[in-house]
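Fold and contact review
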Amino acid sequence: MTLEIKELTGGYGQVSVLKKETFTVEDGQVVGLIGLNGAGKSTTIKHIIGLLTPRGGQILIDGMSLHDNVEAYRKKIAYVPEMPILYPELTLKEHIEMTIMAYGLDHDKTWENANELLKTFRLDNKLDWFPQNFSKGMKQKVMIVCAFMTNARLFIIDEPFTGLDPLAVNDLLNIVEAKKKSGCSVLMSTHVLATVQNHADKFVLLNHGQVRADGTLDQLKDKFDMKDANLDDIYIKMSNEDL
Amino acid sequence: MKELWKNRLRRHQIDQFKYLRLIFNDNFVLAFIVLIGALGFWYSNFLGTIKHELLLGKPVVILILFLIAQVGRIATLLEEPDSTFLLVKEKEFYQYFKSALNYSIALPVVAIVIVNFLLSPFAFTGAGLSIMDICLIAAGLVFFKLAFLNVEMFKIYGREQVSGMNLKLLLNIFLIVSLIISVYWFSPVILVVGLIAFVGAQINNKKICESGQMQWQQAISDENQRMFRVKRFYNLFTDVPGVNSKIKRRKWLDFVFNGIKPVQKNTYLYLFARGFVRNNEYIGLFMRLTIIQTIMLALIDNFYISLIVEMLFIYLVGFQLKPYFKEVMLNMMQRLYPVSGKDKVNDFTKLSVFVLCIQWVISAIAIFYKFGLSVNSLVIIVAGLAVLLFVGYFYMPRQLKKYLDNGAY
């Protein structure tokens, strides 16, 4: 699965948040999308999943745009939003059932996956709970379970590490690793640089709606001319460039 | 704090005014005026049939007056962020609540006066009360209501209990006892008891409140509940944003969902059906309208009015279900599901037709009860079916499709 973003321009209303943004996510790659608040991370994600329509440029998943085939495009993506969004009137179990129906998945096989995920996140005894009974972190876990039990090939996770307990963060990273091994791609936006530094293959540094730099940590070090730097140092250097 | 209250009140009134304007612009108000007219007509006819005091006259008066004294809460206009941003101002909130209390008096008092006024002819003939009795009881009720509002203010400060007894419950017991004494034997009793309760509460208000601790969480959730009830009422007539409603599991109704096959095109039927059953707002709306309709059909024996009631209420339920579709469509996740808009509309139409069919069958029973097996009842029932089919297969799909096409869903 490859995601290509070519010269993407767009945003909300008349304001262009993104200006000719270009990067790719290759087969089996985990990519970290990094930038300050307001740099355009979430906006980029909203364009990819099709909540916003680009003003210019292209977004292709395996060479196919949303416009070509809405349903096929959407089946390739699973998304975990920053703020969990659940249906207040469905129980946890019914959210899973509904996701199975919506994506037309195989019922029994998917439940097998789901059960494993539920157990991992210690939700397996809460199948009959309503969202109003869940804490924020638990809602986030529900979203993760619903996303990762699908057959999507591209997983988009918006700021996964805040709100989850350390154990859950670890579990999530293991799941991401497993998905990566099976050839799926993962794009995650985050501010938790230390974690993403160890778990992503590639980083896209956004600043003012543009890609300031992208590549592996070594490539970034070269670009910023900082030999022993870690992601944090590079990030701060990039932020200071404005001043 | 006074300023804060004034600001809030102004904003609140503008909001209320906006909704009231929307309601009174609506065509349905005309229909409701017809209904109120019909009820008034029925009431005056009914009064005409009363020649002497009824056996149930006094208990009915007591019940109605007791219920009307429960109407109206203190409108604190507290908002969620207050518990974070205004925590430091806690001491000064007393003045704020005082203003809130004063503001909240008007509506229940008006309600008590109007109900007493409307009830007076019946109380006079059916329950054998004199005009003097009725006036004294009304005044007593007003004082009781003032005492109730004071108690609600105590509750904000966590002082609604007196040595283990809930003050509101205690007051209600006093109310019902003095109502019974006043209606049956000696009417000034309620005025005296009410006055004592009110003066006692009013004088000690500050002392009691200051001895307590403000219960932010509780007060805010009470106010949210109150607002929700008001908005739900508006919601019967027009769309109100931000009405988020209570969810109940209702496991015993799960059998209803058995008919829904778990295939992709039923994805939304799966959701809609569960939402309808569990979301108090929608099932409540359906129940309220169906029950009112059934009662009216069972009481009114005028063919034309029954015809209008049957058709109007089926249309109303269909019409009022529409916001539920919109609510679900606002959930972002639904846009990501690989399900076509056509399936969503179809699924919602299926739910509406099912719901309306239930209503239609229930109303048909009421019609048969009133009109028997006659041409009249058949005409009414067929007219109801026609409205059902119109709403389900013509009006609803078109409206929903329009909604989907307009938004970029």
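Calculation criteria
Residues numbered from 1 in each chain as written. Chains lettered and ligands numbered in written order. Predicted model: local features only at pLDDT ≥ 70, side-chain atom pairs only at ≥ 80, totals over all residues. Heavy atoms only, no water. Helix = DSSP H or I, 4+ residues; strand = E, 2+ residues; numbered from the N terminus. Rg over C-alpha atoms; globule rule 2.2 N^0.38 Å. Buried < 20%, exposed > 50% of the residue type's maximum accessible area, 1.4 Å probe, protein only. Contact = heavy atoms within 4.5 Å. Areas by Shrake-Rupley, 256 points an atom, 1.4 Å probe, with all protein chains shown as cover. Lys, Arg positive; Asp, Glu negative; His and termini not counted. Charge placed at Lys NZ, Arg CZ, Asp CG, Glu CD. Expected span 1.5 Å × (residues − 1). Domains from an automatic or database assignment. Buried area = accessible area lost by both parts, 1.4 Å probe. Salt bridge = Lys/Arg side-chain N within 4 Å of Asp/Glu carboxyl O. Core = buried A, V, L, I, M, F, W, Y, C linked by side-chain atoms within 4.5 Å. Nonpolar A, V, L, I, M, F, W, Y, C, P; charged D, E, K, R; others polar. UniProt positions renumbered as here; feature names shortened; annotations may be inferred. Patch = residues over 30% accessible without salt bridge, like charges linked within 9 Å, V, L, I, M, F, W, Y side chains within 5 Å.

As named in an unreviewed UniProt entry, chain B is ABC transporter EcsB.

The name given to chain A in an unreviewed UniProt entry is Drug ABC exporter, ATP-binding subunit.

Glancing now at the overall build of chain A. A count of helices and strands for chain A gives nine helices and nine strands. On C-alpha atoms alone, chain A measures out to a radius of gyration of 18 Å, which is about the 18 Å that the 2.2 N^0.38 rule sets for 243 residues. Along the longest, intermediate and shortest principal axes, the C-alpha atoms of chain A span 50 × 40 × 30 Å. In chain A, buried positions account for 56% of the 243 residues. By sequence separation, contacts in chain A at least 24 residues apart represent 68% of the contacts at least 6 residues apart. For chain A, the accessible surface area stands at approximately 10,400 Å², while carbon and sulfur atoms represent 48% of it. Looking at charge distribution, chain A has the averaged site of its 27 positive side-chain charges lying 2 Å from that of its 33 negative ones.

In terms of helices and strands, chain B carries 15 helices and two strands. With the C-alpha coordinates of chain B rotated into their principal frame, the extents come out at 65 × 65 × 40 Å. Within chain B, buried positions represent 47% of all 409 residues. If you take every contact in chain B between residues at least 6 apart in sequence, the share linking residues at least 24 apart comes to 83%. Carbon and sulfur atoms form 69% of the exposed surface of chain B, whose accessible area is close to 20,900 Å².

Right, let's talk about helix α5 (residues 136-148) of chain A for a bit. With 13 residues, α5(A) extends 18 Å between its outermost C-alpha atoms, agreeing within 8% with the 18 Å of an ideal straight helix rising 1.5 Å per residue. Against the buried residues of α5(A) lie β5 (77-80), α3 (92-103), α4 (107-120), β6 (154-158) and α6 (166-181) of chain A together with α13 (332-336) of chain B.

On to the domain arrangement of chain B, then. All names here are of chain B. Entries for chain B in the domain assignment read domain 1 (2-234) and domain 2 (251-405). Taken together, the seven residues of domain 1 in the interface contact 10 residues of domain 2. The contact between domain 1 and domain 2 buries some 900 Å² in all, and 88% of this surface belongs to carbon and sulfur atoms. Connecting domain 1 to domain 2 are zero salt bridges.

With that out of the way, let us pick up the nonpolar core. Core analysis: the largest hydrophobic core is formed by 144 residues, its most contacted members being A:L3, A:I96, A:F148 and B:Y268. With 13 residues, the single largest contributor to this core is helix α12 (residues 303-329) of chain B. Once you skip the residues sitting within four places of it in the chain, A:I96 turns out to touch A:W111, A:A114, A:L118, A:V145, A:C146 and A:M149. Core analysis: the second largest hydrophobic core is formed by 54 residues, B:A69, B:L78, B:F93 and B:L141 among them.

This part covers the interface of chain A and chain B. One frequently used descriptor of interface size is the decrease in accessible area upon assembly of the parts. Across the boundary between the two partners, chain A contributes 26 residues, which contact 30 residues of chain B. For the chain A and chain B pair, buried surface summed over both sides reaches about 2,600 Å², with 66% attributable to carbon and sulfur atoms. Considering only the surface of chain A that becomes buried against chain B, A:Y87, A:E89 and A:M101 emerge as the three largest contributors, covering 28% of it. B:R274 is the salt-bridge partner of A:E94, the closest N and O atoms lying 2.9 Å from each other. Looking at the side of chain A that touches chain B, the elements that each hand over two or more residues are α2 (70-75) and α3 of chain A. Element by element, the count of residues in the side of chain A that touches chain B is highest for α3(A), at seven residues. Split into classes, the residues belonging to the side of chain A that touches chain B amount to 15 nonpolar, four polar and seven charged.

Turning next to the UniProt feature "transmembrane region" (unreviewed entry) in chain B. Residue and element names in this part refer to chain B. Cross-referencing UniProt, the feature "transmembrane region" (unreviewed entry) maps to residues 20-43, 55-78, 99-119, 125-148, 169-198, 303-325, 351-369 and 375-396 in the present numbering. Here residues 169-198 is 90% helix and 0% strand, with 15 Å between the C-alpha atoms at its ends. Note that residues 303-325 is 100% helix and 0% strand, and that its end C-alpha atoms are spaced 35 Å apart.

Before going further, it helps to spend a moment on the side chain of B:R278. For B:R278, the location among the structural elements is in helix α10 (residues 267-278). A relative accessible area of 0% places B:R278 in the buried class. Among all residues touching B:R278, those that are not within four sequence positions of it are A:E89, A:L90, A:T91, A:E94, A:F130, B:K246, B:I247, B:K248, B:R249, B:R250, B:D254 and B:F257.

This paragraph deals with a negative patch on the surface. There is a patch of like negative charges on the surface, built from A:D106, A:D108, A:E112 and A:E116. Within the element layout of this structure, A:D106 appears in the loop between α3 and α4.

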